[in-house]
Amino acid sequence: MKERLLFLGPPGAGKGTQAQRLAQSQDLLHLSTGDLLRAEVQSGTPLGQEAEAVMARGELVSDGLVIAIVRSRLEHHQGGWLLDGFPRNLAQAETLDTLLTELNQAIERVVLMELDDGILIQRLLARGRADDNEGVIRHRLEVYRTQTAPLIEHYKDRGLLIAVDAAGSVEQIGANILDCLAK
Ligand code: AMP
């Protein structure tokens, strides 16, 4: 089983759910930059105050801010990890590569969760998070297409990408992911 993983895919594809399940079953550190940022917002830290309005608009928080969060969590961690929602653009991917070289680690697999826009929008509307109203959802999908989707080619070129159909039950999708990672 691979131990250093990225989860990639549009908002609403179920990355968080699957990442959490897999991290638990395989004893990996689950690092969700979205969850970590929401915790900062809730606690009202300076970082959270800086991020709150940007998140509410469905835009990306500054690279420096999220990279600092990831670095602080990874640099003292022993063992496997699963990054969920990071990197979100090429600059973050390149900084991550540099950080991992420094830490003498490497990404072993990138799991791409794929799903139609229609289903994504339905799922996000049903979830009802603060940034889950229709206008913001459409904007987040657009941000994904323009800024995050180029990472698919980036990781495909390096032979790291596996694509998983994100339609179906939580259990089914989880089993597909495990199958792909065992290869
Ligand atoms: P998520 O929970 O992954 O959907 O993230 C929710 C929001 O947090 C995003 O819409 C962004 O505003 C922000 N965010 C999460 N991860 C990142 C990241 N890697 N880079 C920039 N912004 C992020």
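Bear in mind the structure is a predicted one, so any value in this text is a computation, not a measurement. Starting afresh in each chain, residues are numbered from 1 along the sequence in its written order. Given that the model is predicted, a residue must reach a pLDDT of at least 70 before its local features are reported, and side-chain atom pairs must reach 80 or more before they are shown or counted; all residues, however, enter totals for whole chains, interfaces and linings. Hydrogens are left out, water is left out, and the side-chain values use all remaining heavy atoms of the structure.

Peer 1: Would you mind going over the pattern of salt bridges with me for this structure?
Peer 2: Oppositely charged side chains can form a pair if their charged atoms are brought close together. Here, a salt bridge means any side-chain nitrogen of Lys or Arg that lies within 4 Å of a carboxyl oxygen of Asp or Glu. Scanning the entire structure with this criterion turns up twelve salt bridges. For Arg138, the salt bridge goes to Glu134, with nearest N and O atoms at 2.8 Å. Residue Arg138 and its partner Glu134 are located together in helix α7 (residues 134-148), separated by four residues, close to a single helical turn. Each of Arg127, Arg129, Asp131, Asp132 and Arg140 takes part in one network of salt bridges that share partners. What counts as a helix is a DSSP run of H or I of at least four residues, what counts as a strand is a run of E of at least two, and both are numbered from the N terminus.

Peer 1: Even after reading the chapter, I still don't get the nonpolar core, so can you show me in this structure?
Peer 2: The tendency in soluble globular proteins is for nonpolar side chains to be buried side by side. Residues Leu6, Leu37, Leu96, Ile107, Val110 and Tyr155 are the most contacted members of the largest nonpolar core, which totals 32 residues. Elements with a contribution of two residues or more to this core: β1 (4-8), α2 (33-43), α3 (46-57), α4 (63-74), β3 (81-84), α5 (90-102), β4 (109-114) and α8 (150-157). The dominant element in this core, judged by the number of residues it contributes, is α4, at six residues. For the purposes of this section, nonpolar cores are sets of buried Ala, Val, Leu, Ile, Met, Phe, Trp, Tyr and Cys residues that join through side-chain atoms within 4.5 Å. Note on exposure labels: buried denotes an accessible area under 20% of the residue type's maximum, exposed denotes more than 50%, and partly exposed covers the range between, all computed with a 1.4 Å probe on protein chains only.

Peer 1: Would you mind showing me how to read the site of the ligand here?
Peer 2: Lining the immediate surroundings of the ligand are 14 residues, of which Thr33, Arg38, Glu59, Gly85 and Gln92 lie closest. Within the side chain of Thr33, an N or O atom sits 2.8 Å from a nitrogen atom of the ligand. Under this definition, polar contacts are N or O atom pairs within 3.5 Å; protein pairs additionally need one hydrogen-donor-capable and one acceptor-capable atom, and for neighbouring residues in sequence, both atoms have to be side-chain atoms. Between the ligand and Arg88, the relevant distance is 3.1 Å, taken from an oxygen atom to a side-chain nitrogen or oxygen of the residue. All accessible-area figures derive from a Shrake-Rupley calculation using a 1.4 Å probe, and residue coverage is judged against the displayed protein chains alone. Its free accessible area being 480 Å², the ligand has 95% of it covered by the protein chains. Definitions used for this entry: grid spacing 1 Å over protein atoms alone; cavity, a set of points where a 1.4 Å probe fits but cannot get out; pocket, an open set with protein on both sides within 12 Å along at least 5 of 7 lines; lining residue, one with an atom within 4 Å of a point. The way we define it, a molecule is inside a pocket or cavity when more than half of its atoms are within 2 Å of that pocket's grid points. Structurally, the ligand is housed in the largest pocket. By residue number, the principal contributor to the shell around the ligand is α2, which donates four residues. Among the residues making up the shell around the ligand, the classes are represented as six nonpolar, four polar and four charged. Near, as used in this document, describes a residue that has one of its heavy atoms within 4 Å of the molecule or strand being considered. Under the convention adopted here, Pro, Cys and the residues Ala, Val, Leu, Ile, Met, Phe, Trp and Tyr are nonpolar, Asp, Glu, Lys and Arg are charged, and Gly plus all remaining residues are polar.

Peer 1: It is not clear to me how the layout of surface pockets should be interpreted in this structure. Could you clarify?
Peer 2: To locate leftover empty space, one rolls a probe as large as a water molecule over the atoms. Grid points are joined across faces, edges and corners, and a volume is the space filled by probe spheres set on the points. Estimates place the volume of the largest pocket at around 930 Å³. Residue lining of the largest pocket: 45 residues in total, with Pro11, Lys15, Arg88, Arg127 and Arg129 positioned closest to the centre. Among the elements of the structure, β1, α1 (15-26), β2 (29-32), α2, α6 (117-127), α7 and α9 (170-182) are those that each provide at least two residues to the lining of the largest pocket. By residue class, the composition of the lining of the largest pocket is 18 nonpolar, 16 polar and eleven charged. A volume near 170 Å³ is recorded for the second largest pocket. In terms of lining, the second largest pocket is formed by Arg38, Val41, Glu52, Met55, Ala56, Arg129, Ala130 and Asp131. Going through the elements one at a time, α2 and α3 are the ones with two or more residues in the lining of the second largest pocket. No other element matches the three residues that α3 contributes to the lining of the second largest pocket.

Peer 1: Teacher, can you tell me more about the environment of Arg88 here?
Peer 2: Take Arg88: it is sitting in the loop between β3 and α5. Since its relative accessible area comes to 34%, Arg88 is described here as partly exposed. Expressed as a C-alpha distance, the spacing of Arg88 and Leu60, which sit 28 residues apart in the sequence, is 8.0 Å. The contact definition used throughout considers only heavy atoms, calling two residues in contact when any of these lie within 4.5 Å. In contact with Arg88, not counting residues within four places along its chain, are Leu60, Gln147, Thr148 and Leu151.

Peer 1: Honestly, unusual backbone geometry in this entry has me stumped. Any pointers?
Peer 2: Cis geometry is found at the peptide bond from Phe86 to Pro87, where omega equals 0°. Its place among the elements puts Pro87 in the loop between β3 and α5. Positive phi, normally seen in glycine, also occurs at Asp27, with a value near 60°. Turning to its location among the elements, Asp27 is positioned in the loop between α1 and β2. Take Asp27: its relative accessible area is 68%, and that puts it in the exposed class.

Peer 1: What should I look at first to understand the packing of α1 against α9 in this one?
Peer 2: In a packed pair of helices, the relevant descriptors are the angle between the two axes and the axis-to-axis distance. Closest axis-to-axis distance for the α1/α9 pair is 10 Å, and the angle between their directions is 60°. Taken as axis vectors, α1 and α9 run oblique relative to one another. The hand of the α1/α9 crossing is right-handed. In contact with Thr17, Gln18, Arg21, Leu22 and Gln26 of α1, α9 contributes Val170, Glu171, Ile173, Gly174, Ile177, Leu178 and Leu181. Taken together, the residues that form the contact of α1 with α9 break down as six nonpolar, four polar and two charged. Axes here refer to lines fitted to C-alpha atoms; in helices the fit is confined to the stretch in contact. Angles between the N-to-C directions go from 0 to 180 degrees. Just so you know how the angles are binned, under 35 degrees is roughly parallel, over 145 roughly antiparallel, 65 to 115 roughly perpendicular, and the rest oblique. Handedness of a helix crossing follows the sense of rotation of the near helix relative to the far helix, less than a right angle counterclockwise being left-handed and clockwise being right-handed.

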